[in-house]
Amino acid sequence: MGLEKLKDRNISMGDYINVFEDNYPKTPWEEFKQIAKRSVKLELFGGLKIVWKMMTGALFKGEMHTVQYPAEKLPIGPRYRAVHKLLALLESGENRCIGCGLCEKICIADCIRMDTKIDENSRKEVMEYSINLGRCIFCGYCAEVCPELAIVHGGRYENASEQRAHFVLKEDLLTPLDKLKQQKEYPGFGAVSPDADKKIKKTPLLY
């Protein structure tokens, strides 16, 4: 193709066929004849047949295509960024968070607050950790910057509430001790290694 043909904006090149549909009914009698003609062709019954097939399949064969929310929920992708979760160590149940404050620094919505103190072992201990979900934009920066993989995004996306106080509870983010076995692990620094059991037996520390 030459440059002149490339610059030509008339792309039809004679391949298109113009169809002029101007035989619309203009009188009530012509409208009635059009309806009667289409009824004789059984177009209406063809559509009703499809509707009847879908309805009987949904009612009697269990072929329901509509998700019955909230009893049924669609599966969430593994990279979906929903309400945060603070992961704990499987060995001791202690929180993985070391109080470095990187998540608080990098938060562009300024919704993370952390209060720490130095314990009797000269280690930093997290006293309070709150996320204002009313301000959070779920960008995922806090989960990416965490060196211990302590904060991740979970799959719980139903966080509607009438009070702002419900959006900043640390207890809702922490993994309960009785559900540590169900805790989903994420690959990366801080994740449990395949030979974690052998390492636990050799280490003298509780964490």
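Residues numbered from 1 in each chain as written. Predicted model: local features only at pLDDT ≥ 70, side-chain atom pairs only at ≥ 80, totals over all residues. Heavy atoms only, no water.

An unreviewed UniProt entry lists the protein under the name NADH-quinone oxidoreductase subunit I, from Halarcobacter ebronensis. A UniProt comment under Subcellular location (unreviewed entry) is attached to the protein, and it reads "Cell membrane". As stated in UniProt under Subunit (unreviewed entry), the record for the protein gives "NDH-1 is composed of 14 different subunits. Subunits NuoA, H, J, K, L, M, N constitute the membrane sector of the complex." (UniProt positions renumbered as here; feature names shortened; annotations may be inferred.)

Draft legend 1. Up close: the pairing of strand 2 (residues 112-118). Across seven bridges, strand 2 lies against strand 3 (residues 124-131) in antiparallel orientation. What sits directly across from R113, in strand 3, is S130. Between strand 2 and the antiparallel strand that follows it, strand 3, lie five residues; S122 among them carries a positive phi value of about 60 degrees. (Pairing = 2+ DSSP bridges. Helix = DSSP H or I, 4+ residues; strand = E, 2+ residues; numbered from the N terminus.)

Draft legend 2. Spatial organisation of the UniProt feature "binding site: [4Fe-4S] cluster 1" (unreviewed entry) in the protein. With numbering matched to this structure, UniProt assigns "binding site: [4Fe-4S] cluster 1" (unreviewed entry) to C97, C100, C103 and C146. The named residues occupy 50 residues along the chain; their greatest pairwise C-alpha distance, 10.4 Å, places them in one compact cluster. Take C97: it is sitting in the loop between strand 1 (84-86) and helix 4 (102-106). A relative accessible area of 17% places C97 in the buried class. C97 has contacts with M114, V126 and A150, leaving out every residue within four places of it along the chain. The residue C103 is located in helix 4 in this model. On the accessibility criterion, C103 (8% relative accessible area) is buried. The contact partners of C103, leaving out residues within four places of it in the chain, are I112, M114, Y129, C142 and V145. (Buried < 20%, exposed > 50% of the residue type's maximum accessible area, 1.4 Å probe, protein only. Contact = heavy atoms within 4.5 Å.)

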